[in-house]
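Chain by chain, the residues:
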Amino acid sequence: MNNRITLCNVKKRLEEQAFDYEVLMLQDDFSILCSGRGGRIFGPFESEDSESVFWVNKAFRYSEAFAGFIRDEEWNMGGDRIWIAPEIPFFVKDRAAGFDSFIVQKHLDPGNYDLCRRADSIILDQDVILDVYQNACTKKEFHLKKTICKSDNPLRNLPVFEELSSKVKFCGFEQIIELADNSEDCDLYLENWILTQVNTPGILIVPFLGRMEFVDYFEPVEKQDFYIRDNYMEINVTGDRRYKLGFKSVISTGRSGYLSKLSDGRSYLIIRSFINNPSSLYCCEPFDKPGQTGCSSFIYNDSGALGGYAEMENLGITISGDTGKKCSADVVYNWLYIGEETALKQIANTLLEIKLIKYN
């Protein structure tokens, strides 16, 4: 679902509530907006009056709706955000009840981010203390910092670069997410959890090494919603039925792609790239599958109850516990291409090392 929220909408609503934000200019006159509330990244936007490529909550359209959203202390603003894993000790009060006992702790989201600009980078950071559920320790303290800056086109050194550049527009940004465990008496694992909400419908492309295996985190994904090719998986994301798939780090390339259309009919491709390390634990597990760990990336398809979006997600390197590490620095890249479908397919084939044969 595309709520068609513009850069102007987001600016006005944040200003009305006296929330800090910074706008970072990217390539081809694109921009992203970084908000102190929730530590969000909104966009990319082509202009003040163009829609966000990422999903944004419809409450941003009207003053009264957004004021009510803030008054009710809602968390689901949209855009790109950082949460913390493992999910169950921090978000689930009763494992047996599963998602029905899910809670977003306010110290994490919206949190209390400090926002500043340093040259061509935007920095968001906060100290966090979270309650811990179903664990020997009851509190976890950590520092979370992310630095956002422009990212160059990964195709720029290829012979086909000029030809492709005449057919598509490009922008890119990267996040460096630093996590430091400040707890003295709680050895619970910690990981960055990076989530990007996207508009539906669309096709998610997940390349893999060897044999594809995935883990169902909620209701099983229906067979008509995915296709497994020679070295990649296509998943239809619709925003109208819930499922979440996890992909093991040992088969992951660290990249995925998302193909969809803007409301004006133009096609776009989002490429997401992160540092995937199969030696890391990746400690998240499904409610009903204790010990089923090792997934470094995920796709969430909403039922429509939360807004009808999908999420491209990945975890960071595991720290604390028995890892011998108390801090980490993860990097996630987002590259956006808008233009001709044939050129987008070629870009997907190149950056994901696949041969895309299906795109409606």
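Procedures and definitions
- Residues numbered from 1 in each chain as written.
- Predicted model: local features only at pLDDT ≥ 70, side-chain atom pairs only at ≥ 80, totals over all residues.
- Heavy atoms only, no water.
- Helix = DSSP H or I, 4+ residues; strand = E, 2+ residues; numbered from the N terminus.
- Buried < 20%, exposed > 50% of the residue type's maximum accessible area, 1.4 Å probe, protein only.
- Contact = heavy atoms within 4.5 Å.
- Salt bridge = Lys/Arg side-chain N within 4 Å of Asp/Glu carboxyl O.
- Phe/Tyr/Trp six-rings, centres within 6.5 Å; stacked < 30°, edge-to-face > 60°.
- Lys NZ or Arg CZ within 6 Å of the ring centre and 35° of its normal.
- Polar contact = N/O pair within 3.5 Å; in protein donor to acceptor, adjacent residues only side chain to side chain.

Explain unusual backbone geometry here, please?
Across the chain, the bulk of peptide bonds are trans and the bulk of non-glycine residues have phi less than zero. Note that the residue after Asp109, namely Pro110, is joined by a cis bond; omega there is 15°. With respect to the helices, strands and loops of the structure, Pro110 is situated in the loop between helix 3 (87–91) and strand 5 (114–118). Here the residue pair Thr200 and Pro201 is connected by a cis peptide bond, since its omega of 5° sits within 30 degrees of zero. Counting through the fold element by element, Pro201 comes out in the loop between strand 9 (191–198) and strand 10 (202–207). Positive phi, normally seen in glycine, also occurs at Arg4, with a value near 55°. Examined against the element boundaries, Arg4 turns out to sit in the segment before helix 1 (7–16).

Where do I start with the environment of Asp114 in this structure?
By the secondary structure assignment, Asp114 is in strand 5. What makes Asp114 exposed here is its relative accessible area of 51%. Residues Asp114 and Gly36 lie 78 residues apart in sequence; the distance between their C-alpha atoms is 6.5 Å. Excluding residues that lie within four positions of it along the chain, Asp114 makes contacts with Ile123, Leu124 and Asp125.

Any chance you could explain the pattern of salt bridges here in plain terms?
A side chain with one charge can pair with a side chain of the opposite charge if their charged atoms come near. Across all of its chains, the model carries 23 salt bridges by this definition. Lys106 is the partner of Glu73 in a salt bridge, and the nearest nitrogen-oxygen pair spans 3.8 Å. You can see Glu73 sitting in the loop between helix 2 (63–71) and strand 4 (80–85) and its partner Lys106 sitting in the loop between helix 3 and strand 5, a full 33 residues away along the chain. Its salt-bridge partner being Arg241, residue Asp225 comes within 2.4 Å of it at the nearest N-O pair. Of the two residues, Asp225 sits in the loop between strand 11 (214–216) and strand 12 (226–228) while Arg241 sits in the loop between strand 13 (232–237) and strand 14 (243–248), which places them 16 residues apart along the sequence. With a relative accessible area of 3%, Asp225 lands in the buried category. Among the charged side chains, a network of salt bridges with common partners joins Glu46, Lys169, Asp264 and Arg266.

Any chance you could explain the environment of Ile275 here in plain terms?
Within the secondary structure, Ile275 sits in the loop between strand 16 (267–274) and strand 17 (295–301). Along the primary structure Ile275 and Cys34 are separated by 241 residues, whereas in three dimensions their C-alpha atoms are 23 Å apart. Apart from the residues lying within four places of it in its own chain, the contact partners of Ile275 are Tyr282 and Val331.

Looking at this structure, I do not really get the packing of aromatic side chains. What am I missing?
By convention here, two paired aromatic rings are described through the distance between centres and the angle between planes. Scanning the entire structure with this criterion turns up 18 aromatic pairs. Through a chain of ring-to-ring contacts, the aromatic side chains of Trp55, Phe218, Phe287, Tyr300 and Tyr309 assemble into a single cluster. Directly above the ring of Phe218 sits Arg242, whose terminal nitrogen or CZ lies 4.3 Å from the centroid. Cation over ring: Lys244 sits above Tyr217, and NZ or CZ is 5.2 Å from the ring centre.

In this structure, what is going on with the environment of Glu51? I would like to understand it.
Tracing the chain through its elements places Glu51 in the loop between strand 3 (41–45) and helix 2. A polar side-chain atom of Glu51 sits 2.6 Å from a polar atom in the side chain of Asn2. A polar contact is formed between the side chain of Glu51 and the side chain of Ser263, at a distance of 2.3 Å.

By themselves, these are just geometric observations and shouldn't be taken as functional.
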